[in-house]
Amino acid sequence: MALQVNGAAGFSLLRWRRGGALRTRAVSPESVATTREEVEKVKLGGSDLKVTKLGIGAWSWGDTTYWNDFRWDDRKLKAAKGAFDTSIDGGITFFDTAEVYGAGVTGAVNSETLLGRFIKERQQKQPVEVAVATKFAALPWRLGRGSVLSALKDSLSRLGVSSVELYQLHWPGIWGNTGYIDGLGDAVEQGLVKAVGVSNYSERRLRDAYDQLKKRGIPLASNQVNYSLIYRLPEENGVKATCDELGITLIAYSPVAQGALTGKYTPENPPTGPRGRIYTPEVLKKLQPLVTRIAEIGQNCSKTPTQVVLNWLMAQDNVVPIPGAKNAEQAAQLAGALGWRLTEQEIEELRSLASEIKPVIGFPVEKL
């Protein structure tokens, strides 16, 4: 593959050869080389909050029920710290966590606690602005707006901060959702958060939350949902279209299908733990044509499969993916998904291949 960069009229042409043919993409000059200072930021919905176009999901940090082969130790702690520092070095400063990630019934140490520690240790070395997003668990015994503020203050304590950039309802409650939305509004008005969002909300619930907050002059910034090349329910159930219509940013979790689209796993080498019961050898066998094509496109662009898959999501517009990163090696790949774009032909080709694959997992409350 040969690369050429020619500048003209405020933009550059990035050229490379594939199969002897010269291909051209128009890119901004700052996107040719992605550094910490150059990573583009986008506004979340109608809020004033700007975050990097790609974030990091911290679900796995401290978890011992789904990730990490049910064990958490110093080696994994150092690896997570490496993932954080490498992300910052690559210019990615948006991190998503939740009060239920890690400690208590779900792990060895709370993800919020780890993220707060990592931020503090980094800031002792150099000033860095980190955008923190965390989430409220809509547990059945939590009632009213006060429960949201109480949980938020506990999260702030674990994070070691006085406020966070984004606070989200992790899933719709069995009851009391009106009170939860009121609690989000109260959090904004009390200066505890810069923006608020929801997660796993259906089109109907999304519109209700948007309207309720709008009456107080507060924008609903985001809806965080499961969205990837092989899990496109948000496109099918109206959530993506509603986000676009109302100006709500879609934050995509599990954007590389928990590793299934990275090429790391094969029918002979499936993932361990609970993921192995989802991405079985049979499922992985069906994924192989798509995974192979993703790798081929990546090779032609000098990109990894992970970078290709994340770029495909960002090409859908109004989408901020938050892939997980358990170590520095995984985190180092992520910035490479920025600063370029798949061709329209590649985007549609991948969509066509993926459409032949039945989605394998979702979150039950998506249909509430």
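Shown above is the structure to which this text applies.
A. Expanded view of the overall build of the protein. Regarding its fold elements, the protein presents twelve helices and 13 strands. Residue pairs at least 24 apart in sequence account for 73% of intrachain contacts in the protein once pairs closer than 6 positions are excluded. Counting every atom, the protein has about 15900 Å² of accessible surface; 52% of that belongs to carbon and sulfur.

B. Looking closely at unusual backbone geometry. We note that N200 has phi near 60 degrees; this positive angle belongs to a residue other than glycine. Looking at where N200 falls in the secondary structure, it is placed in the loop between strand 10 (193-199) and helix 5 (203-214). Of note, the phi angle at S254 is positive, near 50 degrees, even though the residue is not glycine. Tracing the backbone shows S254 in the loop between strand 12 (249-253) and helix 8 (275-278).

C. Structural view of the packing of aromatic side chains. Overall, the coordinates contain six aromatic pairs when judged by the stated rule. Here the aromatic rings of W61 and F95 are separated by 6.4 Å at their centres, their planes lie at 45 degrees, and the arrangement is tilted. In this pair, W61 is assigned in the loop between strand 6 (56-57) and helix 1 (74-89) and F95 in strand 7 (residues 94-96), connecting sequence segments 34 residues apart. A relative accessible area of 0% means that F95 is categorised as buried. One aromatic cluster is present, formed by W61, F84, F95 and F118 through successive ring pairs.

D. Structural detail: the side chain of Q212. Inspection of the secondary structure assignment puts Q212 in helix 5. Residue class for Q212 comes out buried when judged on its relative accessible area of 19%. Side-chain polar atoms of Q212 contact the side chain of D182, separated by 2.9 Å. Discounting residues that sit within four places of it in the chain, Q212 has contacts with T178, I181 and D182.

E. Structural detail: the nonpolar core. Among the nonpolar cores identified, the biggest contains 95 residues, and W61, F84, I230, L290 and L350 are the most heavily contacted of them. Setting aside its immediate chain neighbours within four residues, F84 contacts W61, F95, L115, F118, I119, R122 and V130. Counting 13 residues, the second-largest nonpolar core is a separate cluster that includes A131, L166, A221 and Y253.

F. Representation of the pairing of strand 8 (residues 131-136) within the structure. Counting buried positions along strand 8 yields six of six residues, so the element is predominantly enclosed. Pairing of strand 7 with strand 8 involves three bridges; the strand directions are parallel. What sits directly across from D96, in strand 8, is A133. As for the winding sense of the linkage, the β-α-β connection from strand 8 through helix 3 (residues 144-159) to strand 9 (residues 164-169) is right-handed.

G. Representation of a nonpolar patch on the surface. On the surface, L143, I174 and W175 cluster together to form a nonpolar patch covering roughly 370 Å² of accessible area. For W175, a relative accessible area of 44% gives the class partly exposed.

H. Local environment of helix 3. For helix 3, spanning 16 residues, the distance from its first C-alpha to its last is 24 Å, which sits close to the expected 22 Å at 1.5 Å a residue. When we look at burial in helix 3, the residues that qualify are S147, V148, L149, A151, L152, S155, L156 and L159. One or two steps after helix 3, the chain reaches G160, where phi turns positive at roughly 75 degrees.

I. Structural view of the sheet that holds strand 8. With parallel pairing, eight strands are arranged side by side in an open sheet as 6-7-8-9-10-11-12-13. A strand with exactly one partner marks an edge of an open sheet, and here the two such strands are strand 6 and strand 13 (319-321). Bridge analysis of strand 10 against strand 11 (residues 220-226) gives four bridges, and the strand direction is parallel. Residue pairing for strand 11: S199 is matched across the bridge by Q224. Sitting on the sheet, helix 5 touches strand 10 and strand 11, and the angle it makes with strand 11 is about 160 degrees.

J. Representation of the pattern of salt bridges. Scanning the entire structure with this criterion turns up 24 salt bridges. Note that D244 and K240 form a salt bridge whose closest N and O atoms lie 2.8 Å from each other. Of this pair, D244 and K240 both sit in helix 7 (residues 239-246), separated by four residues, roughly a single helical turn. You can call D244 partly exposed: its relative accessible area is 40%. We note a salt bridge from E344 to R341, for which the minimum N-O separation is 2.9 Å. The exposure class of E344 is partly exposed, given its relative accessible area of 48%.

K. Here's a closer look at helix 1. Spanning 16 residues, helix 1 covers 22 Å between terminal C-alpha atoms, matching the ideal 22 Å at 1.5 Å per step. Those residues of helix 1 that sit buried are K76, A80, K81, A83, F84, D85, S87 and I88. Where the residues of helix 1 are buried, they touch strand 6, strand 7, helix 2 (111-123) and helix 11 (328-334). Its side-chain oxygen at 3.2 Å from the backbone nitrogen of R75, D73 defines the N-terminal cap of helix 1. Positive backbone phi, approximately 95 degrees, marks G91, located one or two places after helix 1.

Rules used throughout
Residues numbered from 1 in each chain as written. Predicted model: local features only at pLDDT ≥ 70, side-chain atom pairs only at ≥ 80, totals over all residues. Heavy atoms only, no water. Helix = DSSP H or I, 4+ residues; strand = E, 2+ residues; numbered from the N terminus. Contact = heavy atoms within 4.5 Å. Areas by Shrake-Rupley, 256 points an atom, 1.4 Å probe, with all protein chains shown as cover. Phe/Tyr/Trp six-rings, centres within 6.5 Å; stacked < 30°, edge-to-face > 60°. Buried < 20%, exposed > 50% of the residue type's maximum accessible area, 1.4 Å probe, protein only. Polar contact = N/O pair within 3.5 Å; in protein donor to acceptor, adjacent residues only side chain to side chain. Core = buried A, V, L, I, M, F, W, Y, C linked by side-chain atoms within 4.5 Å. Pairing = 2+ DSSP bridges. Right-handed = clockwise from strand over helix to strand, strands pointing away. Patch = residues over 30% accessible without salt bridge, like charges linked within 9 Å, V, L, I, M, F, W, Y side chains within 5 Å. Salt bridge = Lys/Arg side-chain N within 4 Å of Asp/Glu carboxyl O. Expected span 1.5 Å × (residues − 1). Axes fitted to C-alpha atoms, helices over the stretch in contact; angles between N-to-C directions.

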